[in-house]
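Okay, here's what each chain looks like letter by letter:
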Amino acid sequence: MTSMRKSTRFLIAALLVFLIAGCTNGNNTSLPTSGVQSSESPPAVSTDVPSTSSSESPPSNSSNNESPGNVPSTSPISSIEPVSMGKVTALRLANFKSGWAGGEGWIARTDDGGKSWKTQLQHKYIVNQLFALNDQQAWATLDIGDSKSLRLLHTSNGGKKWTEAGNVPNRAFLHFVNSNEAFSGNARTTDGGKTWVKLPVPSALAGDAYFHDHSNGWAVTQGKDKFSFTRTTDGGKTWRSVMTRTTVAPATGAVIRSAGKNNAWVELIGDSGMTQTSYSLFHTIDGGKSWIPVLAHSGAGSGPAPGYESGKETKVPANMGSGPGALYVVNTQVAFMGGQCMACDLTNTMGKTTDGGKTWINLKGAFPGYGPQQIAAADANHIWWINTDNAEPSVMYTSSDGGKHWNKVHTFDKPKQT
């Protein structure tokens, strides 16, 4: 009897083991518990932030204050086949060692000063811009084919996971002041990009307006044979001219950056001709009461720099190259400006100021590449510089001594042939 009971218990135990084994995963792998994928397969964009739509139009350079709402979203971004990195179209550093680069179909991160890059995101769009508050919080805009809006992505964990955050309703310079508030031209969001409102701006703008914060903004207006720098301190409700200057060459565009509520760097783009483009750069540190003429660049084919007569700009420093490259402002004293010579073999050069524009230093180093420049800097000494081309690989150089010496740290994959 005892032997029979032992045999029965053994059979029951064996049956239970068999049943339990049959309920488990046969290859003994568990389902993932988070949205972060392994480094072998970069994460696709998460769509856990819902996209909303509105019939209202995105903001334009007008003075009304209606809300543009959100641009209707296209189909969700999904995982696609791996792509080579190719041409770099956007760059942003968090510090001299860490930052992001983006291009057609990819976003990548470096943590060793650009020597190596890890692809974090693969998609099917071109990265238009990158912006970072620190090494964890960053945003990217994607060109989704809409002529007025860009898809906005966000990461809060250094790029391990990117999520859709909304749509930016224009193509101006995007900058966040905290994790929720951002400005792009005259559009403002306070919910991380889900919704946007328009801030009033003057008419006859040259380029985009720029808001440093919700109260302080800058704009360039163009009139007959003159231009004006205007400023608001009440969120665009009122604008006043802080400098008006006659000009032989009209301002065909403007780039504005700010490193403080009373600070503005204003680049004016002039005429172009014979692969040359004239431009000028001005700087104020006192809210527009006084302006430093930082650069005045003219050309035989492009004419005088905006705000100057031919021959009258010789007392103002000139950058190298025959046209403007990228402008990168570090703070109220330090700014970098690229130069480009499209008729030269070594196309790309760079200059800087470390005293707010009182003096200008043309840096050593000239490198090839006939595409847009990407410049970023942590301070006056630590600089990232990527030069691009449609047929050749993008190449990254860095300097730790303010541009006296440059190190070639990375060559990106050759651009895809179309």
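Coordinates for the structure precede this section.
Nothing here was measured: the structure is a model prediction, and the numbers come from that model.

Q: Can you tell me about the overall build of the protein, naming the residues and giving the values?
A: Counting secondary structure elements, the protein contains 1 helix and 26 strands. Residues counted as buried form 51% of the 418 residues belonging to the protein. Counting contacts in the protein only where the partners sit at least 6 residues apart, residues at least 24 apart contribute 46% of the total. Of the roughly 19200 Å² of accessible surface on the protein, a fraction of 52% belongs to carbon and sulfur atoms.

Q: Run through the layout of surface pockets, naming residues and quoting values.
A: Where empty space is left becomes clear once a probe the size of a water molecule has been rolled over the atoms. Roughly 1300 Å³ of internal volume is contained in the largest pocket. Forming the boundary of the largest pocket are 48 residues, of which Arg-92, Gln-129, Phe-173, Arg-257 and Leu-327 lie nearest the centre. Here the residues of the lining of the largest pocket are counted per class, giving 27 nonpolar, 14 polar and 7 charged.

Q: Can you explain the environment of Phe-131? Please cite residues and give values.
A: With respect to the helices and strands, Phe-131 occurs in strand 3 (residues 118-132). Between the alpha carbons of Phe-131 and Leu-91 there is a distance of 8.2 Å; along the sequence they are 40 residues apart. Leave out the neighbours within four places in its chain, and Phe-131 touches Arg-92, Gln-137, Ala-138, Trp-139, Leu-174, His-175 and Phe-176.

Q: Provide a residue-level description of the sheet that holds strand 25 (residues 395-399), including the pertinent values.
A: Judged by pairing direction, the sheet is antiparallel, and its 4 strands sit side by side in the order 23-24-25-26 without closing on themselves. Either end of the sheet is taken by a strand with one partner, and the two such strands are strand 23 (373-377) and strand 26 (407-411). The mean inter-strand angle of the sheet, taken between neighbouring strand axes irrespective of direction, is 20 degrees. Taken together, the 5 bridges between strand 24 (residues 383-387) and strand 25 define a ladder with antiparallel strand orientation. When the sheet's bridge partners are listed, Trp-385 is paired in strand 25 with Tyr-397.

Q: So what's going on with the nonpolar core? Which residues, and what values?
A: Ranked by size, the top nonpolar core spans 30 residues in total, and within it Trp-117, Phe-336, Met-350, Trp-384, Trp-406 and Phe-412 carry the most contacts. Elements supplying a minimum of two residues to this core: strand 1 (88-93), strand 2 (99-110), strand 19 (323-329), strand 23, strand 24 and strand 25. Top contributing element to this core by residue count: strand 24, with 4 residues.

Q: Tell me about the pairing of strand 16 (residues 264-273), and please be specific about residues and values.
A: In regular strands, side chains alternate between the two faces of the sheet. Counting buried residues in strand 16 gives 8 out of 10 residues, a clear majority hidden from the surface. Hairpin connection from strand 15 (residues 253-257) to strand 16: 6 residues lie between these consecutive antiparallel strands. Across 8 bridges, the pairing between strand 16 and strand 17 (residues 276-284) is antiparallel. Within strand 17, the position partnered with Val-266 by the bridge is Phe-282. Linkage of strand 16 to strand 17, two consecutive antiparallel strands, is achieved through a turn of 2 residues, within which Met-274 is found at a positive phi near 55 degrees.

Reading guide: rules and limits
Residues numbered from 1 in each chain as written. Predicted model: local features only at pLDDT ≥ 70, side-chain atom pairs only at ≥ 80, totals over all residues. Heavy atoms only, no water. Helix = DSSP H or I, 4+ residues; strand = E, 2+ residues; numbered from the N terminus. Buried < 20%, exposed > 50% of the residue type's maximum accessible area, 1.4 Å probe, protein only. Contact = heavy atoms within 4.5 Å. Areas by Shrake-Rupley, 256 points an atom, 1.4 Å probe, with all protein chains shown as cover. 1 Å grid on protein atoms, 1.4 Å probe; cavity = no way out; pocket = protein on both sides within 12 Å on 5 of 7 lines; lining within 4 Å. Points joined across faces, edges and corners; volume = space filled by probe spheres on them. Nonpolar A, V, L, I, M, F, W, Y, C, P; charged D, E, K, R; others polar. Pairing = 2+ DSSP bridges. Axes fitted to C-alpha atoms, helices over the stretch in contact; angles between N-to-C directions. Core = buried A, V, L, I, M, F, W, Y, C linked by side-chain atoms within 4.5 Å.

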